[in-house]
Amino acid sequence: MDSILRSDEDYFDSNSSSSGEEAKTSKVVYVPKCPNDLKPKIGQSFMTLDRALDFYNNYARYVGFDTRRKGSKKEKDVITWIYVVCSREGTKQRKSEQSEVKHKRSSTKCYCNAKVSWKFFMGVGYVIQSFVEEHNHEMVEEHHKCFMKLDLVYQKFILDCANANISPTLSFSLLKEVLGGLDYVGCTILEVRNYRCDLRAYVEGADAQMLLNEMRRKKELCGAFTYEYEVNSKDRLTSLFWCDPTAKRNYHLYGDIVSFDTTYLTNRYCMIFAPFTGKDNHGRPVTFAAVLLSKENANFFSRLFNQFVKCMGVAPKLIVTDQDLGLNVAIEEVLVNTRHRWCM
């Protein structure tokens, strides 16, 4: 075992026992053993918070325990205090007290007091203010340490699988096949599922902003790329129009007849995906532009067609749509010289 076992005895007052016997309780303390350069020290400084956290996480992984952030303080977008504790600190809440379903955890919390804290000093960085290395539980055995954390390679692999709509179970099976067996995987199926849940929770709160950031990045890389979006009073995305240079070229070559289809509905966000499409000289479908819409009404469609004409520079000669009253009103208002036909 890579830890020093200590037993601290706390004695109660002997007069409090009616039998006259001493009552005592024994508290077992585990002090992890590691090289001196890996152990945190009070006063040790780090230029960035990421370096400080990486240092402590590497120490925890080496000696055999997991960590989690306990709390932090922020002033003017700068974290001035941060606390990291052992993952077994505190106690697990009862299910009846939980407001939402939590991840399944293989470890049990047992009021462990091991922790570390940093304070930010201008010009110095993050300095360790307190460090408690004693645990009240055994460390993870050596051959189980590889299962404690998902490193960046596994995280990237799981993210790629999620983007390809591959389930966590199949992702884990792929890892086993690629690495040559379960002994070489270095993680469990539960950790893969939990990481996918963490990804989903992260994306749900900032997915619209991530999409707009990607559009902004494409615009910076290519000045001919066009995108426009609208948000409502609650700062939620209500419409997004985009068109790349290839789509613009296709429109000017084959855009005499345009089909606008609003029958694609995304299940998660309840937004309509509506592409502007046509056909080239070989009868193959080509895309001219695309839009995401939160509503189907005349005002949304009017603004959309104005964006399309502004982007392309010229209105189509004929447009084919479904039999929607809002589309009829918008086309009559914006695409004045365009013939309108309904699809069958």
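Refer to the structure printed above.
Caption draft 1: Inspection of the overall build of the protein at higher detail. Along its length, the protein carries 7 helices and 15 strands. Expressed as a percentage of the 344 residues in the protein, the buried residues total 34%. Long-range pairs, those at least 24 residues apart, make up 51% of the contacts in the protein between residues at least 6 apart in sequence. Accessible surface computed for the protein: about 22200 Å², of which carbon and sulfur atoms make up 51%.

Caption draft 2: Fine view of the sheet that holds strand β4 (residues 67-75). Strand order in the open sheet formed by 5 strands is β3-β7-β6-β5-β4, and the pairing between neighbours is antiparallel. What marks the edges here is a single partner per strand, and that holds for β3 (45-46) and β4. Relative to strand β7 (residues 125-132), strand β6 (residues 115-121) runs antiparallel, the two being bridged by 7 bridges. Residue pairing across strands places Phe-121 opposite Gly-125, the latter belonging to β7.

Caption draft 3: Examining empty space enclosed by the protein more closely. Under the definition given, this model contains 1 cavity of 30 Å³ or more. Of the pockets and cavities examined, the largest cavity occupies roughly 40 Å³. What lines the largest cavity is Glu-230, Ser-239, Val-291, Leu-293, Phe-300, Arg-303, Leu-304 and Gln-307. Within the residue set of the lining of the largest cavity, elements represented by two or more residues are β13 (285-293) and α6 (298-312). Looking at which element gives the most residues to the lining of the largest cavity, the answer is α6, with 4 residues. A per-class count over the lining of the largest cavity returns 4 nonpolar, 2 polar and 2 charged.

Caption draft 4: Up close: the packing of aromatic side chains. A full pass over the atoms with the stated rule returns 18 aromatic pairs. Ring geometry for Phe-46 versus Phe-55: centroids 5.2 Å apart, planes at 45°, classification tilted. Neither Phe-46 nor Phe-55 differs from the other in exposure class; each is buried. Ring centres of Phe-260 and Phe-301 lie 6.2 Å apart, and the angle between their planes is 90°; on these two criteria the pair is classed as edge-to-face. In this pair, Phe-260 sits in strand β10 (residues 257-260) while Phe-301 sits in helix α6, placing the two residues 41 residues apart along the sequence. A relative accessible area of 1% places Phe-260 in the buried class. A relative accessible area of 0% places Phe-301 in the buried class. Over the aromatic face of Phe-300 sits the side chain of Arg-303, whose NZ or CZ is 4.9 Å from the ring centroid.

Caption draft 5: Broad picture of the packing of α6 against helix α7 (residues 325-334). Between α6 and α7, the least distance of the axes is 8 Å, while the angle of their chain directions is 40°. Overall, the two elements α6 and α7 adopt an arrangement that is oblique. For α6 against α7, the interelement crossing comes out right-handed. Together, Ala-298, Phe-301, Ser-302, Phe-305 and Asn-306 of α6 and Gly-326, Leu-327, Val-329, Ala-330, Ile-331, Glu-333 and Val-334 of α7 make up the contact between the two elements. Here the residues of the contact of α6 with α7 are counted per class, giving 8 nonpolar, 3 polar and 1 charged.

Caption draft 6: Highlighting the pairing of β13. Among the 9 residues of β13, 7 are classified as buried, and the element is accordingly described as predominantly covered. Pairing of strand β9 (residues 237-243) with β13 involves 4 bridges; the strand directions are antiparallel. Bridge assignment links Phe-241 to a residue of β13, and that residue is Val-291. Linkage of strand β12 (residues 272-279) to β13, two consecutive antiparallel strands, is achieved through a turn of 5 residues, within which Gly-283 is found at a positive phi near 80°.

Caption draft 7: Here's a closer look at the pairing of strand β5 (residues 78-86). Bridging between β4 and β5 involves 8 bridges; their strand directions are antiparallel. Bridge pairing in β5 links Arg-69 to Val-84. Between β4 and β5, which pair antiparallel and follow one another directly, the connecting turn spans 2 residues, one of which, Lys-76, has a positive phi of 55°. Relative to β6, β5 runs antiparallel, the two sharing 5 bridges. Bridging across to β6, Val-84 finds its partner in Val-116.

Caption draft 8: Looking closely at helix α1 (residues 49-63). Over its 15 residues, α1 extends 22 Å from the first C-alpha to the last, a length consistent with the 21 Å expected when each residue adds 1.5 Å. Of the residues making up α1, those classed as buried are Leu-49, Ala-52, Leu-53, Phe-55, Tyr-56, Tyr-59, Ala-60 and Val-63. Buried residues along α1 cover an arc of 155° about the axis, so they all sit on one side. Set apart from the buried face of α1 by more than 90 degrees, the exposed residues are Asp-50 and Arg-51. Positive backbone phi, at 110°, marks Gly-64, one or two positions downstream of α1.

Each value, and the rule that gives it
Residues numbered from 1 in each chain as written. Predicted model: local features only at pLDDT ≥ 70, side-chain atom pairs only at ≥ 80, totals over all residues. Heavy atoms only, no water. Helix = DSSP H or I, 4+ residues; strand = E, 2+ residues; numbered from the N terminus. Buried < 20%, exposed > 50% of the residue type's maximum accessible area, 1.4 Å probe, protein only. Contact = heavy atoms within 4.5 Å. Areas by Shrake-Rupley, 256 points an atom, 1.4 Å probe, with all protein chains shown as cover. Pairing = 2+ DSSP bridges. 1 Å grid on protein atoms, 1.4 Å probe; cavity = no way out; pocket = protein on both sides within 12 Å on 5 of 7 lines; lining within 4 Å. Points joined across faces, edges and corners; volume = space filled by probe spheres on them. Nonpolar A, V, L, I, M, F, W, Y, C, P; charged D, E, K, R; others polar. Phe/Tyr/Trp six-rings, centres within 6.5 Å; stacked < 30°, edge-to-face > 60°. Lys NZ or Arg CZ within 6 Å of the ring centre and 35° of its normal. Axes fitted to C-alpha atoms, helices over the stretch in contact; angles between N-to-C directions. Parallel < 35°, antiparallel > 145°, perpendicular 65-115°, else oblique. Left-handed = near helix turned anticlockwise from the far one by under 90°. Expected span 1.5 Å × (residues − 1). Arc of directions from axis to C-beta.

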